[in-house]
Amino acid sequence: MALFDLSIDELRAYRSESEAPEDFDAFWGKTLQEAREHTLDARFEPVDTGLSTVQVYDVTFAGFGGHPVKGWLRLPAGATEPLPLVVEFIGYGGGRGLAHEKLLWASTGRAHFVMDTRGQGSAWGGGGGTADPVGAAPAYPGFMTRGVDAPENYYYRRVFTDAVRAVEAARSHPLTDAARTVVIGESQGGGIALAVGGLLPDLVAVAPDVPFLCDFPRATILTERHPYREIGLFLKTHRGRAADVLHTLSYFDGVHFAARGRAPALFSAALEDQTCPPSTVFAAFNAWAHEDKAIELYDFNDHEGGGPFQEERKLSWLRSYA
């Protein structure tokens, strides 16, 4: 598959046509206020994994609507002082996995929190354990059109709220340093990290890799791949509703969260990525408000992006921040 999107020069200049709703900040302010009316009730249960270098905790906290959300907290064994905190969000269809997985960040001497994604965790990996108890209007199978009839009902309102609460839950543990909190993620996880980066003002760094959920007006017509294609297939049946659907999606577009980003950021994009086309990633990168930002490009890669090479880049980059 050859390069299919804009040229490098065009990518660096590209700006999304997506417009933030006038009540974008009010919508999210009210959403988080309502979530915080529920007691966070973060519980950390030690898990006997057989690991000798990492201590793992099975975490439950109250997310959107007070619903229980699961996670893992991993700490270097024997930690006695608060540690820099890395909060990670998961790609589309995946869950938090098993307790012994994802040992990289705890191995660097940091605390590592992985949030389960409500309703997901059944498509790949070690699975998940968080239900989504909220019903929705008719939707195309998947998650992209669940509740797309209105911003208040949309699936990712719940997920993004869970993610903010996940940071708050992880920060509540005595061995995490709230003042040195980083959020990361790949694909859907990168899109969630962007949302959290725009909603929380006191992060020290944000690292979204090949982020999903960005520049919906372009993504939905540029690629035929799922998950974006779910939106087109929904509209194929629900004719004449494109404007209303895009209005709902505008409250969840990574471009608008990026415009509110207040921390240094390291992005990545793959130039042959048809799942999250590079122009949609650059739309968020170019909108990122903090001046300390960089993007790593992987010329001949699809949605796998940089893989371990990008992990190596993040390990080096994060030394300056947490």
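So, how was this worked out
Residues numbered from 1 in each chain as written. Predicted model: local features only at pLDDT ≥ 70, side-chain atom pairs only at ≥ 80, totals over all residues. Heavy atoms only, no water. 1 Å grid on protein atoms, 1.4 Å probe; cavity = no way out; pocket = protein on both sides within 12 Å on 5 of 7 lines; lining within 4 Å. Points joined across faces, edges and corners; volume = space filled by probe spheres on them. Helix = DSSP H or I, 4+ residues; strand = E, 2+ residues; numbered from the N terminus. Buried < 20%, exposed > 50% of the residue type's maximum accessible area, 1.4 Å probe, protein only. Pairing = 2+ DSSP bridges. Axes fitted to C-alpha atoms, helices over the stretch in contact; angles between N-to-C directions. Contact = heavy atoms within 4.5 Å. Left-handed = near helix turned anticlockwise from the far one by under 90°. Nonpolar A, V, L, I, M, F, W, Y, C, P; charged D, E, K, R; others polar.

As recorded in an unreviewed UniProt entry, the protein goes by the name Acetylxylan esterase, listed as coming from Streptomyces diastatochromogenes.

Chemist: Describe in detail empty space enclosed by the protein, supporting the description with residues and values.
Modeler: Counted by the stated rule, this structure contains 1 cavity of 30 Å³ or more. Approximately 60 Å³ is the volume attributed to the largest cavity. Lining the largest cavity, in full, are Glu186, Asp209, Val210, Ser268, Glu304, Gly305, Gly306, Gly307 and Gln310.

Chemist: Any chance you could break down unusual backbone geometry for me, citing the residues and the numbers?
Modeler: The omega torsion across His226 and Pro227 is 5°, close enough to zero to call that bond cis. When you line up the elements, Pro227 lands in the loop between α6 (216–222) and α7 (228–237). Positive phi outside glycine occurs at Lys102, with the angle close to 55°. Relative accessible area serves as the criterion here: at 37%, Lys102 is assigned to the partly exposed category. A positive phi angle, close to 65°, is found at Leu213, a residue other than glycine. Mapped onto the fold, Leu213 is located in the loop between β7 (205–209) and α6. Look at Leu213 and you get buried, because its relative accessible area is 1%.

Chemist: Pulling in residues and values, what's your account of the sheet that holds strand β1 (residues 43–47)?
Modeler: Taken in spatial order, the 9 strands make up an open sheet running β1-β2-β3-β5-β4-β6-β7-β8-β9, and their pairing is mixed. Sheet topology places β1 and β9 (293–298) at the edges, where each strand pairs with a single neighbour. When strand polarity is set aside, the average angle formed by the axes of neighbouring strands in this sheet is 20°. Here strand β4 (residues 83–89) runs beside strand β6 (residues 176–186); their pairing, made up of 6 bridges, is parallel. Paired with Glu88 across the bridge in β6 is Ile184. Where helix α5 (residues 188–199) meets the sheet, it contacts β4, β6, β7 and β8 (265–270), and its direction lies at approximately 140° from that of β6.

Chemist: Quick rundown of the packing of α7 against helix α8 (residues 242–250)? Include the residues and the values.
Modeler: A pair of packed helices is captured by two measures, namely the crossing angle of their axes and the spacing between those axes. One way to put it is that α7 packs onto α8 with a least axis distance of 10 Å and a crossing angle of 150°. The two elements α7 and α8 cross, and the hand of that crossing is right-handed. Only Ala242, Val245 and Leu249 of α8 make contact with α7, whose side of the interface consists of Ile231, Phe234 and Leu235. When grouped by side-chain class, the residues that make up the contact of α7 with α8 number 6 nonpolar, no polar and no charged.

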